[in-house]
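Geometric and topological summary
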Amino acid sequence: MRRLRALAAGALALAARAAAADPLPETGFGIPRDASLDGHHVDDLIHFTLLAIAVIFAVALAMLIWSFARDRARPAWYTHGNARTVGAVVGAIAVIAVGVDGTLLVRTLLDLHERLWNFQGAEAQPGAIRIEVNAHQWAWTARYPSADGKFGTPDDVVTLDDIRVPVGVPVVVQLASTDVIHSLYLPNFRVKQDAVPGMINRLTFQAVKPGEYEIGCAQHCGPNHYKMRGVLTVLPPDEYRAWLDTMRADARRGYDPDDADAHWGWEWRRD
Amino acid sequence: MEEGLTVSVPAQLAAAEASQPIHPPPTSFWRKYVFSIDHKVIAVQFLWAGLVFLLVGGTLAMLIRWQWAFPGRPVPVLGGLLLGKSGGVIGPAAYQQIFTMHGLIMIFFAVTPVLIGTFGNFLIPLQIGARDMAFPKLNMYSFWTFLISQLLVIASFFTDLGTGGAGWTTYAPLSTNVGTPGTGQTLVVLAIFVTGASSTMGAINYVTTVIRLRAPGMTWMRLPLTMWGLWLTAILNALFIPVLGSAAMLLLLDRSFGTQFFVAGASAVRGGGDPILYQHLFWIFGHPEVYIMILPAWGILGDVFSFFSRKPHHWYRGSVGAMIAVTVLSALVYGHHMFVTGMSPLLGEGFMVFTLLISIPSMIVVVNWVMTILGGRIRFHTPMLFAIGTMILFGIGGLTGLFLGDISMDLYLHDTLFVVGHFHFTMAAGSFVGAMTGLYFWFPKIFGKRLDERLGKIHFWVTFLGLLLVFLGQMTAGYEGQQRRLFDPYQYTFIQRLHGLNLATSIAAFLLFAGQMVFVWNFFRTVFGKGKAAGPNPWEVTTLEWTDAPSPPPFHNFDRIPYVLRGPHEFGNPEVLKRTGRDWVGQTEALPGGDMAGDPALSSGKA
């Protein structure tokens, strides 16, 4: 039975490999192309901060350069700091603190509560996809629930380094590890979450463009950390359903109740 | 300053002399140069120990850069020497050891001994007007304990499976036997524990010395900023190094005695431990450590900017207050290293608020530097160049911290090369170049000779431009998505386009490393050859080690304990110029014509 399952899995993996094109390489300079619904919030914040620090840096540098170029025959200004200069320092810093730090704080709190860490909100949306990912040295194993939405059933679909999601609906990933700490990183979706042994962590994103994207490991997890690469395939909804149906039928055929190692799924975390 | 009102100056000086009598200098070779209790000798011992490991840590960095520039190709020269079994090619296991030990060596065994061991030991007694540390023998034990930790690091390289490979943070469970078996990793964790013990001894000594042995008249608000930096660092060390010690100890128990403080919780390795506990312990130490390594440099920069701009430091009290605020807040922000570990959102947001808050005192310190330089008569000697370079590089590092202290952006940038570039701007550029500033500045006092200015300036430009290019290259690669610590980044399709950038960054790094040989040459030539005699005060500055002691100072530092009259930054005062013809007046120097009761900077406070 086990051999049969392995054979089936092997054939399927081959078929999957043939079907899935490799992720397109990034071109040009800049942040990787954004394939997510919410990624632009992160990008906007990054570029706002970049602009703000460029202005701060330029002003400070201008003051320095003016001082460097000053005629050295003239005596230095003599002051330990007076009300006017200290006021200027405090004022400038207050402007930065309110304008930059304040903006970051407000926008980030909104991002987190409405989008990036809003797992309940994502799951409440119709059609939301739930996936359990088990990270281990050095691969990502993903588990899809059966048709009734339960994990740990005979028709759970399990894949290796190959996660497929439909376009246009929220995806909620629950993440665990069975050896050391890994970190699930989707550069094109601007999200990242550690996989920690003994914990179930969560991550959510929504794809807006079909295509193949890379899954990276961001946390050093041993000598082959660099090889812990997977592919995330974003499919149109009908193709996704067709793929899942095929996989479920296959999983049911290959199910082995005695194979304890294959039953690593967990009760979906809700809180 | 309160004492000055009640006890007369001669009585204060007599009390200080009685509590710190002059001891005869040691005569035997062993007591003089090896098992010395003289803070100045111990400082030089730390300097040598640190510089040797700086070279080792730098060499390891070059290997990392080689791998990213030319993956899979044998390393020239060093490859055959260090990686003979693989024909000079770096393999994945060797690679993880290289970046792990680069980080650990640089932080614990190179920059810390130079910045804190050398300057703390050398300067604290001299700048506060004391004859030695409060606990000279403890000081000696601190150095020898440190040396043991360095020997443990060296030994780890010669074990069966090689040295540690779990990253400098040695996150569990990767750092336990589950992820990194072998004696090498155990020895490395032991070395962290032992060096922690050394730092704790030093910290207790520094804290006590500054509190107890300040010369009469040396009030807190007359301390050079270098003293504030070193003193606050020592407080942080005393409080938080023991936390690191406990983490290292528990990890050692997990590795060697089968406990499961950090191992368990996984379905593959069942049990009750918690890997996240390790991260909390590590970062409760680890974030203050960032300030431990930067506060002395902040202090040095504050003084050097004032000294070489020939201007008083701007808003001294503001800078001191800001440094104290940073010290207090430093332990409250550590969680920003753990935003993606799955911590409670509320906790994460709290840490984000504190992280944004700590940027305010940091800005006060930096803006005060700019204000100090503004309108100065700047003398572009090597120490000033290095100080300016440190400020610019540290400025970039500080400002880019905003990206990472913010959770939204950290979710994308965490564990990418952006983080690596950022902390190198603060720790490598800020702390290492900050230490270089101090080394060029105090070299004449430590060795009694002048370094060559021309070589120093060449060294500055190579170092400044090299670091700028290397770390900007890293940050750009991180912004474009490249994760840190990848043996072969080009396995990822989206990183393949960054090969050209990484190659250019590597070339800049090789030039940077080669440029450090200018310093090695300048340093060796002057220490062991004939350098120009420095004289007591070559920079014409105000602090006690320059005004009241020859270069190098004698065993007992001061023939008579000095009496301090004013703060450390009295430059460009028109009244001083009128009376002495100079633009500076020392902290202990009585002005001809008596006290200036109307001028707080020139009155001794007893008028």
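Residues numbered from 1 in each chain as written. Chains lettered and ligands numbered in written order. Predicted model: local features only at pLDDT ≥ 70, side-chain atom pairs only at ≥ 80, totals over all residues.

Concerning the domain arrangement of chain A
- Domains assigned within chain A are domain 1 (39-72 + 80-116) and domain 2 (120-255).
- Distance between the C-alpha centres of domain 1 of chain A and domain 2 of chain A: 39 Å. (Domains from an automatic or database assignment.)

Quick notes on unusual backbone geometry
- Following Gln 137 of chain A, the chain continues to Trp 138 of chain A via a peptide bond in cis, the omega torsion being -5 degrees.
- With respect to the helices, strands and loops of the structure, Trp 138 of chain A is situated in the loop between strand E1 (129-136) and strand E2 (139-144).
- Note the cis peptide between Ser 551 of chain B and Pro 552 of chain B, where omega equals -15 degrees.
- One can find Pro 552 of chain B in the loop between helix H18 (544-547) and helix H19 (574-580).
- A positive phi is found at Val 77 of chain B, a non-glycine position, where the angle reads about 60 degrees.
- Classification of Val 77 of chain B by C-beta neighbours within 10 Å gives exposed; the count is 8.
- Located in the positive-phi region is Trp 315 of chain B, a residue other than glycine, with phi close to 50 degrees.
- Inspection of the secondary structure puts Trp 315 of chain B in the loop between helix H10 (275-309) and helix H11 (316-329). (Helix = DSSP H or I, 4+ residues; strand = E, 2+ residues; numbered from the N terminus. Buried ≥ 20, exposed ≤ 12 C-beta atoms within 10 Å, placed from the backbone.)

Here's the deal with the interface of chain B and chain A
- The interface of chain B with chain A comprises 78 residues on the first partner and 79 residues on the second.
- Elements with a minimum of two residues in the side of chain B that touches chain A: helix H6 (92-128), H10, H11, helix H12 (345-373), helix H13 (382-405) and helix H14 (407-413) of chain B.
- Take the side of chain B that touches chain A: its biggest share by element is 14 residues, from H12 of chain B.
- Residue classes in the side of chain B that touches chain A are distributed as 43 nonpolar, 24 polar and 11 charged. (Contact = placed C-beta atoms within 7 Å. Nonpolar A, V, L, I, M, F, W, Y, C, P; charged D, E, K, R; others polar.)

A word on the confidence of the model for chain B
Residue and element names in this part refer to chain B.
- The pLDDT averaged across chain B works out to 93; a share of 97% of its residues lies at or above 70.
- Mean pLDDT in chain B bottoms out at helix H1 (residues 3-6), which sits at 54, and peaks at helix H16 (residues 453-479), which reaches 97.
- Predicted as a complex, the structure gets a pTM of 0.93 and an ipTM equal to 0.91. (pLDDT = per-residue confidence, 0-100.)

Considerations on the environment of Gly 273 of chain B
- Looking at the secondary structure, you find Gly 273 of chain B in the loop between helix H9 (225-257) and H10.
- Considering only alpha carbons, one finds Gly 273 of chain B and Ile 292 of chain B, 19 residues apart in sequence, at a separation of 30 Å.

Describing the sheet that holds E1 of chain A
Residues and elements named next belong to chain A.
- Overall, mixed pairing links the five strands, which are arranged E3-E2-E1-E5-E8 in an open sheet. The open sheet is flanked by strand E3 (157-160) and strand E8 (201-206), the only strands paired with a single partner. Pairwise comparison of adjacent strand axes, ignoring direction, gives a mean angle of 25 degrees for this sheet.
- Of the strand pairs in this sheet, E1 and E2 are connected by five bridges, and their pairing is antiparallel. By the bridge assignment for E2, Val 133 is matched with Ala 142.
- Strands E2 and E3 of the sheet are contacted by helix H5 (residues 237-254), whose axis makes an angle of about 105 degrees with E3. (Pairing = 2+ DSSP bridges. Axes fitted to C-alpha atoms, helices over the stretch in contact; angles between N-to-C directions.)

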